[in-house]
6 protein chains.
Amino acid sequence: MSTHHSSPDLGALLAAGSVPLLPFGAFEQHGPHLPLSTDTIMARALAERLCPVVDGVLLPAVEYGQTTGNDGFPGTLSLSFDTVRAIAGDLISALHRQGARALVIVNGDFGNRAPLALAARDAKERNGFPVLVLNYPGMTEAFAAIGTSRPAGFGLHHADELETSIVLAVAPEAVDMSRAVAEYPVFPPDFPDAEYGMAELGATGVFGDPTHATAEKGEALLDALTAAAARLIGDFLRLHPQDRTGDRTRD
Amino acid sequence: MSTHHSSPDLGALLAAGSVPLLPFGAFEQHGPHLPLSTDTIMARALAERLCPVVDGVLLPAVEYGQTTGNDGFPGTLSLSFDTVRAIAGDLISALHRQGARALVIVNGDFGNRAPLALAARDAKERNGFPVLVLNYPGMTEAFAAIGTSRPAGFGLHHADELETSIVLAVAPEAVDMSRAVAEYPVFPPDFPDAEYGMAELGATGVFGDPTHATAEKGEALLDALTAAAARLIGDFLRLHPQDRTGDRTRD
Amino acid sequence: MSTHHSSPDLGALLAAGSVPLLPFGAFEQHGPHLPLSTDTIMARALAERLCPVVDGVLLPAVEYGQTTGNDGFPGTLSLSFDTVRAIAGDLISALHRQGARALVIVNGDFGNRAPLALAARDAKERNGFPVLVLNYPGMTEAFAAIGTSRPAGFGLHHADELETSIVLAVAPEAVDMSRAVAEYPVFPPDFPDAEYGMAELGATGVFGDPTHATAEKGEALLDALTAAAARLIGDFLRLHPQDRTGDRTRD
Amino acid sequence: MSTHHSSPDLGALLAAGSVPLLPFGAFEQHGPHLPLSTDTIMARALAERLCPVVDGVLLPAVEYGQTTGNDGFPGTLSLSFDTVRAIAGDLISALHRQGARALVIVNGDFGNRAPLALAARDAKERNGFPVLVLNYPGMTEAFAAIGTSRPAGFGLHHADELETSIVLAVAPEAVDMSRAVAEYPVFPPDFPDAEYGMAELGATGVFGDPTHATAEKGEALLDALTAAAARLIGDFLRLHPQDRTGDRTRD
Amino acid sequence: MSTHHSSPDLGALLAAGSVPLLPFGAFEQHGPHLPLSTDTIMARALAERLCPVVDGVLLPAVEYGQTTGNDGFPGTLSLSFDTVRAIAGDLISALHRQGARALVIVNGDFGNRAPLALAARDAKERNGFPVLVLNYPGMTEAFAAIGTSRPAGFGLHHADELETSIVLAVAPEAVDMSRAVAEYPVFPPDFPDAEYGMAELGATGVFGDPTHATAEKGEALLDALTAAAARLIGDFLRLHPQDRTGDRTRD
Amino acid sequence: MSTHHSSPDLGALLAAGSVPLLPFGAFEQHGPHLPLSTDTIMARALAERLCPVVDGVLLPAVEYGQTTGNDGFPGTLSLSFDTVRAIAGDLISALHRQGARALVIVNGDFGNRAPLALAARDAKERNGFPVLVLNYPGMTEAFAAIGTSRPAGFGLHHADELETSIVLAVAPEAVDMSRAVAEYPVFPPDFPDAEYGMAELGATGVFGDPTHATAEKGEALLDALTAAAARLIGDFLRLHPQDRTGDRTRD
C-alpha cells in the first residue's frame, strides 16, 4: 500500500473523515536472521491492512524509535525518549491544524510505548485531539492460537516465531532463516522491575524460537492482529468524535 | 536498494569502514501532481545511487522534516526545528557509539538545512565525530545542463521540472502528470529576507514548470547529482578520518 | 518509623551499605472516604515495614506525583511527568554523589510509573547507579488471597477494599468509612488504549468496593506486600552490587 | 495538624475561600544534633500554627529543596534549582485549575528562595494567580528578643539556637542535644558575594550556638513567627483578591 | 547616534510608528589588526545610518553572538545557538507587547543567521509580528564596486578590506593597520558542506587582504550598504503592516 | 575606556592574569528624565573605573537584562530569567575555555541578581571556575554619606538622586533634568514578599528624589563604589586562585 498522497488528495481524505494511521517503528537488533527494521516492517504491515477496514489513510512510517535497551547489540540506532515524544507531538499538532478527526499510531516498538502514551495524553489535555496508540492488541491471544513454540515470557516476542513469521509474510527477502536460532534467556528474579539491557539477558538477541516461523503463520497472525486492532479503532472513533468544522489554528 | 540489514551485518559493515548514508526527507506539499513525500523519495534515490560508489550503507529514511513554510497547503505535516535537530543528534550519537567512521546525511528538504547543520556542528564540537550534510550539491549546474524550463528563482526547485523528473524516474506511479501545472510566483521585493510561507507566494505550490519533466531527464539529473555528491563524500572521508579503534562510550 | 537522621548518622548508614528507600506518593482523589494522600500513606507504610527486613534507611516521602488523570476531581494536585522525572533524577544523582550503594523507590501512584522508570534507566545508562522502582509487587496475588470484594478490573485498585484496608491499618483517623461507597465503572471498549481521565469513567472516584475494608485486612495485605517486595529487593541488591569505594564526583 | 483531606472536603474548603498553605522544606545537614529534615519540620510547624489564624488549609510538605550548598556534608540530598521551580510551578497551576483563591508557600530553606520567587512571579505574569512566599518574616527580630546566644552573622541561622529550639519544641525526639556544639565560622571577606559551599566555611555545619536551645524558646519563637507571618498573609489576601468565579481552564 | 531614549520618549516613538533597529553583533577574532567587536561595530554603524532614512529608532546593540567557529582563536567569546535565539525571541516578544509595528535586526555575524532566522519565523508563526533580519544586503555588489583586493571566496569577508575599511571609517582608534596582513586560505574541497572551524582554515584569522583598506572606502561601502538595506526595509514595512491598535497582551 | 581588544591582545591579557570585567545591564524605564539604559551606563562606568585598579580587562556590556517588573512602563524591553542565565553561562564557559583566571560581573539590574548568582554557582559546581557577581557593594553606605535626599526604602535606588547623579557624571547628555520629579511610593504592607510590578507601586517610575542630583555627587558616588568593589575583587582573586596552566577543554 502506498503513502503517495498528493497535497490536495490527502487534504480531501482528511476532510472526508478518513483517519490517518502512523506506523511508528524502530531500528534495533532482531537477532542474526531478521532485519534491524523489523518493528517498522511489522507496524507498517499492520497499518496497511487496517486502512481499508477502518477507512484509514496511511502515513509514512517513522523508522526509528526509543530502543536504548538494545544498544549493546551492533547496528541498533536509538532515539531518546524525548525525541520520540517530540516527533509524535509535532505530528499530532500538525494533524490537528490540518483538520484531521483523530490519529491512530500503530506502534511496533516496546520502548516507544511510554513516550507515545505521554504524547497522546498531552494532546488530550491540550486541545482534546483524540490519539489512539496501538501496541499490537490481541497479540498474546493470536500467538497462543497460531504459534507452535513456547513464548519467551513476560509478553516478550522479540525475533521469535511471531515476529519472524510476520516478516516472512511481508518481506521475505529480508529474512535469513539459515541464521535463525532459538534462545530462551533465563530472566533474573528482579526482571522486569530492575532495568536490564537486552544484551545482559541473552547472547543472540532472540527471545523465543524463530525456527518454527512460516509466512503462512505470519499471514494468519496479521489477520488476527488486524481484526483486533480494527475493533479497537472502531470503538475509539465512535467514542471520540472530533468536531472537524472547528479550529485549524495553532495549538 | 534495501535497508534490510541484520544486526551483525550492519555491525560488520560499520567495522569495515562503510559509511552510513541517512536520507532525511519531509512530508510537504509538492503541488497537485507530486506526492507529499517527494523530498524523501528524492533523497533516498540519491542515497541509493551513492552507496555503491562511496562504499556506503543505506539507512532507513527519516520521512518527516521541518517544513512549516508549507503549512498553508493541505496535508503538509511538519516537525519543528528542534525535533529535526534532536533526531539527527540522537542518530549521530548512536552511530558514534556503534563505531561508525562518519555519517553522511542526504537531505531533501530546505527547512532541514539549519537544524541538520547545527547537529553536525554540535557533533564536531562534542566529540569530533564527522558528519557531512548534503544539500543536493551540483543541483543548479545539473538543472542548467539538463532542464529545459526556466527555474523559478532564488535556487528554488519545488515541484518543478527537476523534482518531477526525478520522481518520474524513481517512483512514476506516484506522479499524476495530468495535474501538472506551471507557476512562476512573483517574489516580493523583500524575499527571502522577510519570512514568507509558500502559500503566500503562490496558488498551486509549484515553483517552476513541471510539464517539461520526463523520467529520462530524471535519470540524467540523478546521475549528475550522484557524481557531484560522490566527489564531495570522497573528499570528506579523506579529509576527516575517524579513529575507529577508539571509544564506543556514551557521548 | 522515623526519617529523622542527622547528617553524620545517615552518612554512616550509607557508608555501611544500608539501602535508602524513597516512598513516592501523590496527592489525588481517592473517593469521598479516603484522604488525598492515600498513595503516599501506603507507599510510606510499605517502605517503613521494609526497612528492618532489607537493612533499609527510610527517606522522607515525595508527597506529590503525576496524577493529571484525576484532575477532574476536586483537590487533586498533580505534578507533570517531567517534574516527577526531575525529582527522581536529582535524588538519584545526590545519592550517587553521597556514595549510596543503590536506591529503592517505593512508588504508590500509577502515573509515576513511566517517569520513574525513565529516571531509573537514565541512571543506569549514565553511570550505572542501580535504581529499583517498586510498583506494589505481589499486589494482585495478595488481594486475591485476602480481599473479599471483586476488583474493578484492569489491575485498578483505587479507593477500594485494598487501599482502604491499608489506610485503616496505618492511618485510621484519615478514613471516614461512613462515606465509603462501592462503584464498579463500566470501562469503555477502547480502555485503556485510549486516554481516559478518571472522572470520565466513574462518578465517585472509587474503583471497587471499599465497604469490605478492615484494618486487619490492611495488616495482612501489608505483610504480603512487604514479603514480596523484600524478596525483590534482596534479589536486586545481590544482582546489582555497587562498588562504593569509587567515585563521589558529579554525574 | 493533619493534611488528611478527602477530595470533596478539600474542594469545599477551597471553594469557601480557605487559603492553601504549602510547607517547602529541604533535606540538608544541620550539624550532628539536628535531623536532615530540620527545614521541613520548621516550615511545617509554622504552617500548622498559621492555619487556624488565617483560615488556611494545610497541604503536605515538599520534603526536598535546593541545597547544593550543603553537598559537602554527608546525607544532604539536593534538588536542582529548576526542579524546585517546576514543583512550585506545577502546584500553582494545579491550584489555579482547582479554583483556589491564592497560595501561600511557607519556605524553610535558603536555597529555595530564588526558584520559589521565580515561580511566584511567573504565576503572576501568566494568569495573575496570587502566590506569597514566606521566608520566616520577623525571624531576626524574634531571635533578638528570645535568643540568648550571638547569631552567626549574615542572617544565617543554621543548626543554631533558633533552629534547635524550634525543633525541640515540635519534634524533640529528633534532636540529640548531647552532640550539640557551637561554631562561629569566620566568614571570608568576599562572602556572600562569592559562592561558598557550607563545608568551605565551617567544620560542623553549625552556624551559631545551639547549646542554649530549649523547647520553651522554640515555642516562643514559633509564636512570634506565627504572628508576623499571619499579619503578612492577612495583608496579602486583602490586597490580592482572586475572582474565584472565573476560569478553571488550563493555564 | 545615541540609544539614550527615556521611557516615555521611546514609547512615543513606537506609538508613532518608528521602527526599532537592533544591531546584533559578536565578539570574535578579526585578525591581529581589528577589534574582537568588529561585527558589532559594523552592525551598529549601519543601523545608525539607517535610522534617519527609514524613520528608525536605534536600540542598544547585542555585543555577543554565535561564533564557536572562531573558538580556536584567542579572545573569542561565543554564545550558543540557543542563547542567540532566546535573546532575539525575548526582545521580539517585548517589542510586540510594547506595541511596536515591527522589528529590524541588523545582523553583523554569520553564526547568528540561523538562530535569528528561526526567531523571526517563530514570531511570524506565533503572532504574526513582522521581523526582518538584515545580513548586509548588497554587500557583494558594494565590495565589487568599491574594493580593490580579491575577496577570499565563498562570500566570506572576514577581517579583510571590506571590514577593515568600515571600521576605519567609524572607529579608527580600534584598528592597528601596522598589524594588517593578507591571507587567502585554500579552502578544502568539502568546504563549506563539512563543518570547519576558522582556525582549521587559516593561520591569522584574516580572509582576504586588509592592507588595501581606507576610511574613504569604508564610508563608500557604508553608503552602499545603507542604500540597499533602506530599500529592503521600505519594502518590508510596506508589505508587512502591523495593526498597532491591537493586542499588547503576552504572546 | 575602550573594549577594543584585538584577538591576540585579549589573549595575551588573559594569559598574563588580567581579570575580565563584564558589565551586565538592562533596558528598563528610569522615569521621564533618565535613559532606558541607565543600568548599563552605571555598570559600565563602574567597570571602567575598576579596570586600572584591579588589573581588569573590560568586556563589552550586555545591554539587556531581566526586568519584567518594569514591563508596565513604555519602552522597557526585558529578557527572561533563563536568557540572562544562559548569556552568563555561555560567557563563563567561553572564558574558561580561553584560559581566563576568573570572571567579575558588574551587575547593574536588580532582576539579574538571581540568574547571575545561579550561573556563578553552576560554574563553581561544574568546573570550579571562579565568578564574582558585584551588585554595587557599598552602595547604601555611599549614598548615606553623599546623598542629600531620603532614599525610597527597601534598598531601592531607582531613577533617584543616586542613579541620576551617576548618569550626570558619566553621560550628562542622556539626562533631562527638566523632567526630573520626585516620587516616594507608599509600599503595600506585603511588599516585597508579594510580587509587585513597578507600575503597581508608583506613577512615574521614580523611587526617590532625583532633583538633588549633581554630577559632582555622581563622581563621589562612583569613587566610593569603586573603592568598595575593588576591595571585594582583591579579596576574591586572592582567595580563589585559578590554575591557569590547566584545562582549556570544553566544560
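Residues numbered from 1 in each chain as written. Chains lettered and ligands numbered in written order. Predicted model: local features only at pLDDT ≥ 70, side-chain atom pairs only at ≥ 80, totals over all residues. Heavy atoms only, no water.

As recorded in an unreviewed UniProt entry, chain A goes by Creatininase family protein and comes from Nakamurella alba. Its UniProt record, at the heading Sequence similarities (unreviewed entry), says of chain A: "Belongs to the creatininase superfamily." What UniProt states about chain A under its Cofactor (unreviewed entry) heading is, verbatim, "Zn(2+)". (UniProt positions renumbered as here; feature names shortened; annotations may be inferred.)

A. Main features of the overall build of chain A. Looking only at helices and strands, chain A has eight helices and four strands in total. When the helices and strands of chain A are read in sequence order from the N terminus, they spell out α-β-α-β-α-β-α-β-α-α-α-α. Considered along the principal axes of its C-alpha atoms, chain A spans approximately 55 × 35 × 30 Å. Counting the 251 residues in chain A, one finds 64% classified as buried. Within chain A, contacts between residues separated by at least 24 positions form 79% of all contacts whose residues are at least 6 apart in sequence. Accessible area of chain A: about 8200 Å², with a carbon and sulfur share of 55%. In chain A, which carries 17 positive and 31 negative side-chain charges, the distance between the mean positions of the two groups comes to 9 Å. (Helix = DSSP H or I, 4+ residues; strand = E, 2+ residues; numbered from the N terminus. Buried < 20%, exposed > 50% of the residue type's maximum accessible area, 1.4 Å probe, protein only. Contact = heavy atoms within 4.5 Å. Areas by Shrake-Rupley, 256 points an atom, 1.4 Å probe, with all protein chains shown as cover. Lys, Arg positive; Asp, Glu negative; His and termini not counted. Charge placed at Lys NZ, Arg CZ, Asp CG, Glu CD.)

B. Broad picture of the interface of chain B and chain E. On the chain E side, the residues contacting the 29 residues of chain B number 29 residues. Together, the buried faces of chain B and chain E total about 2400 Å²; carbon and sulfur atoms form 53% of this surface. Interface area lost by chain B to chain E is led by Arg121(B), Asp193(B) and Glu195(B), which between them contribute 25%. For the pair chain B and chain E, the interface holds four salt bridges. The partner of Asp82(B) in a salt bridge is Arg85(E), with the nearest N and O atoms 2.9 Å apart. Between chain B and chain E we count eight residue pairs in polar contact (both at pLDDT 80 or more) in total. For the side of chain B that touches chain E, the elements supplying multiple residues, two or more each, are helix 3 (81–97), helix 4 (113–127), strand 4 (131–134) and helix 8 (215–239) of chain B. At seven residues, helix 4 of chain B tops the list of elements feeding residues into the side of chain B that touches chain E. When the residues that make up the side of chain B that touches chain E are grouped by side-chain class, the tally is 14 nonpolar, four polar and eleven charged. (Buried area = accessible area lost by both parts, 1.4 Å probe. Salt bridge = Lys/Arg side-chain N within 4 Å of Asp/Glu carboxyl O. Polar contact = N/O pair within 3.5 Å; in protein donor to acceptor, adjacent residues only side chain to side chain. Nonpolar A, V, L, I, M, F, W, Y, C, P; charged D, E, K, R; others polar.)

C. Spatial organisation of the interface of chain B and chain A. Contacts between chain B and chain A engage 49 residues on the former and 49 residues on the latter. Carbon and sulfur atoms make up 59% of the area that chain B and chain A hide from each other, which totals about 3700 Å². Note that Asp9(A) and Arg179(B) form a salt bridge whose closest N and O atoms lie 3.2 Å from each other. In this structure, the connection of chain B to chain A is made through 20 residue pairs in polar contact (both at pLDDT 80 or more). Counting residues per element, the side of chain B that touches chain A draws most heavily on helix 3 of chain B, which supplies eight residues.

D. Spotlight on the relation of the copies chain B and chain A. With an axial shift of 0.0 Å and an RMSD of 0.0 Å, the rotation relating chain B to chain A amounts to 180 degrees. Both copies of the chain, as the preceding transformation shows, are related through a two-fold rotation axis. Take the interface residues of chain B: 100% of them recur as interface residues in chain A, which is what a same-surface contact looks like. (Least-squares fit on C-alpha atoms with pLDDT ≥ 70 in both.)

E. Fine view of the confidence of the model for chain A. Residue and element names in this part refer to chain A. Here chain A averages 95 in pLDDT, and 96% of its residues register 70 or above. With pLDDT under 50 throughout, residues 245–251 is counted as low confidence; its partners more than four residues away or in other chains account for 14 contacts. For this predicted complex, the interface confidence comes out at an ipTM of 0.96, alongside a pTM of 0.96. (pLDDT = per-residue confidence, 0-100.)

F. Examining the arrangement of the chains more closely. Kept free of each other, chain B and chain D leave a smallest C-alpha distance of 21 Å between them. With no contact formed, the shortest span from any C-alpha in chain A to any C-alpha in chain F equals 21 Å.

G. Main features of the relation of the copies chain B and chain E. For the match of chain B to chain E, the screw axis carries a shift of 0.0 Å, the RMSD comes to 0.0 Å, and the turn is 180 degrees. Taken as a fraction of all interface residues of chain B, those also at the interface in chain E reach 100%, which identifies the copy contact as same-surface.

H. Representation of the packing of helix 2 (residues 38–54) of chain B against helix 6 (residues 161–170) of chain B. Residue and element names in this part refer to chain B. Running from amino to carboxyl end, helix 2 crosses helix 6 at an angle of 65 degrees, the nearest separation of the two axes being 10 Å. Where helix 2 crosses over helix 6, the handedness of that crossing is left-handed. Listed contacts from helix 6 to Thr38, Asp39, Ile41, Met42, Ala45 and Arg49 of helix 2 are Leu162, Glu163, Ile166, Val167 and Val170. (Axes fitted to C-alpha atoms, helices over the stretch in contact; angles between N-to-C directions. Left-handed = near helix turned anticlockwise from the far one by under 90°.)

I. Region of the structure containing unusual backbone geometry. Put simply, Phe191(A) and Pro192(A) share a cis peptide bond, and its omega is 5 degrees. Inspection of the secondary structure assignment puts Pro192(A) in the loop between helix 6 (161–170) and helix 7 (198–201). A positive phi angle, close to 60 degrees, is found at Phe154(D), a residue other than glycine. Residue position: Phe154(D) is located in the loop between helix 5 (139–146) and helix 6 (161–170). With phi around 55 degrees, Asp55(F) is a residue other than glycine that occupies positive phi space.

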